[in-house]
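A closer look at the structure
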Amino acid sequence: MAVNIEGNVVVITGASSGLGESTARHLAAKGAKVVLGARRKDRIDALVKEITAKGGSALAFKTDVTRRGDVEALVKGAKEKYGRIDVIVNNSGVMSIAPMSALKVEEWDRMIDVNIKGLLYGVAAVLPIMQKQKQGHIINIASVAGIKIFAPGGAVYSATKFAVRALTEGLRMETRAYNIRCTMISPGAVATELAEGTSEETAKEGLREFYKIAIPADSIARAIANAIEQPAEVEIDEVVIRPTAQEF
Ligand code: NDP
């Protein structure tokens, strides 16, 4: 029998905008109890208000995923309120596009800290709980940039998403005995705030042009719901979703 999203406790990082926000709204409408983390607390609070006003169940915790303690508190808060963790969507991410020769070392650090270490902190927070439950689902958001490299500009962002690919596959292999499903979602261009994180003006202009074909965040939310709603013994390992018009 397929897993019913209704009643599932789903932790989502980066729920204050884009894919995370859309996923929270979509899963809550299907009856999930969503627990939202992001730094912009006003935004996740507003989303909690919106979801609960419609009869849904939601909680928000101010979370900076580069702080392990924050991610632990997010997951602990979810467990204390709802008693279990069924799904985590490790979605928080940043993208700064610039040639390596521009030496934007602080932006390299930030991408590594959020996209790799932040995701690992999410895994670390839920893994002992899911192992004990002998049930759970870890959904990691990668990118088509985790399949191909675009250069000049995308080397470091791609490196972080290649890391997500390696980590998700390694985790998948290690969690068989615990009945934990692992899914990696690799989106192409999706209309969100992500591209605005680029400080290099020329790259930003190129991205604005590229993102003209971007698809709505809801298309990724639906794929996440579909990965959850499989029969318990079925694991969707990878999903790649591009705009039909996208070549990269
Ligand atoms: P957005 O910029 O709209 O959302 C990014 C989210 O990440 C925000 O909610 C932001 O919350 C959160 N975030 C950033 N830094 C931190 C931090 N230190 N701690 C906690 N949360 C943080 O972009 P998207 O929705 O597009 O991005 C979501 C994921 O999708 C990312 O992993 C991205 O790499 C991936 N992706 C996106 C694609 C696209 O075309 N849009 C394509 C492929 C992958 P806050 O600032 O409030 O903390």
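Before any of the text, the structure's been laid out above.
Residues numbered from 1 in each chain as written. Predicted model: local features only at pLDDT ≥ 70, side-chain atom pairs only at ≥ 80, totals over all residues. Heavy atoms only, no water.

1. Points about the site of the ligand
Not every one of the 31 residues close to the ligand is listed here, only the nearest: Ser16, Arg39, Tyr157, Thr192 and Tyr211. The separation between an oxygen atom of the ligand and a polar side-chain atom of arginine 39 is 2.7 Å. When the free accessible area of the ligand is taken as 870 Å², the share hidden by the protein chains comes to 96%. Spatially, the ligand is embedded in the largest pocket. Secondary-structure elements contributing two or more residues to the shell around the ligand are helix H1 (18-29) and helix H5 (155-174). Among the residues making up the shell around the ligand, the classes are represented as 14 nonpolar, 12 polar and 5 charged. (Near = heavy atom within 4 Å. Polar contact = N/O pair within 3.5 Å; in protein donor to acceptor, adjacent residues only side chain to side chain. Areas by Shrake-Rupley, 256 points an atom, 1.4 Å probe, with all protein chains shown as cover. 1 Å grid on protein atoms, 1.4 Å probe; cavity = no way out; pocket = protein on both sides within 12 Å on 5 of 7 lines; lining within 4 Å. Sits in = over half its atoms within 2 Å of the grid points. Helix = DSSP H or I, 4+ residues; strand = E, 2+ residues; numbered from the N terminus. Nonpolar A, V, L, I, M, F, W, Y, C, P; charged D, E, K, R; others polar.)

2. Description of the layout of surface pockets
Counted as a void, the largest pocket has a volume near 1100 Å³. Contributing to the lining of the largest pocket are 49 residues, with Gly93, Val94, Met95, Thr192 and Leu194 lying nearest its centre. In terms of residues, the lining of the largest pocket owes the most to one element, helix H6 (residues 201-210), which gives 4 residues. Across the lining of the largest pocket, the residue classes tally to 24 nonpolar, 18 polar and 7 charged. (Points joined across faces, edges and corners; volume = space filled by probe spheres on them.)

3. Regarding the environment of threonine 175
Of note, threonine 175 is situated in the loop between H5 and strand S6 (180-187). By relative accessible area, threonine 175 is classed as buried at 2%. Threonine 175 sits 19 residues away from leucine 194 along the chain, and the two C-alpha atoms are 31 Å apart. With residues up to four places along the chain from it excluded, the contact list for threonine 175 reads Leu127, Ile180 and Cys182. (Buried < 20%, exposed > 50% of the residue type's maximum accessible area, 1.4 Å probe, protein only. Contact = heavy atoms within 4.5 Å.)

4. Overview of H1
Between its terminal C-alpha atoms H1 stretches 17 Å, which fits the 16 Å expected from 12 residues at 1.5 Å a residue. Of the residues making up H1, those classed as buried are Gly18, Leu19, Gly20, Ser22, Thr23, Ala24, His26, Leu27 and Ala28. Buried positions along H1 lie against strand S1 (9-13), strand S2 (33-38), helix H2 (41-53), strand S5 (136-141), S6 and helix H7 (218-228). Positioned one or two residues after H1, glycine 31 has a phi angle of 100°, which is positive. (Expected span 1.5 Å × (residues − 1).)

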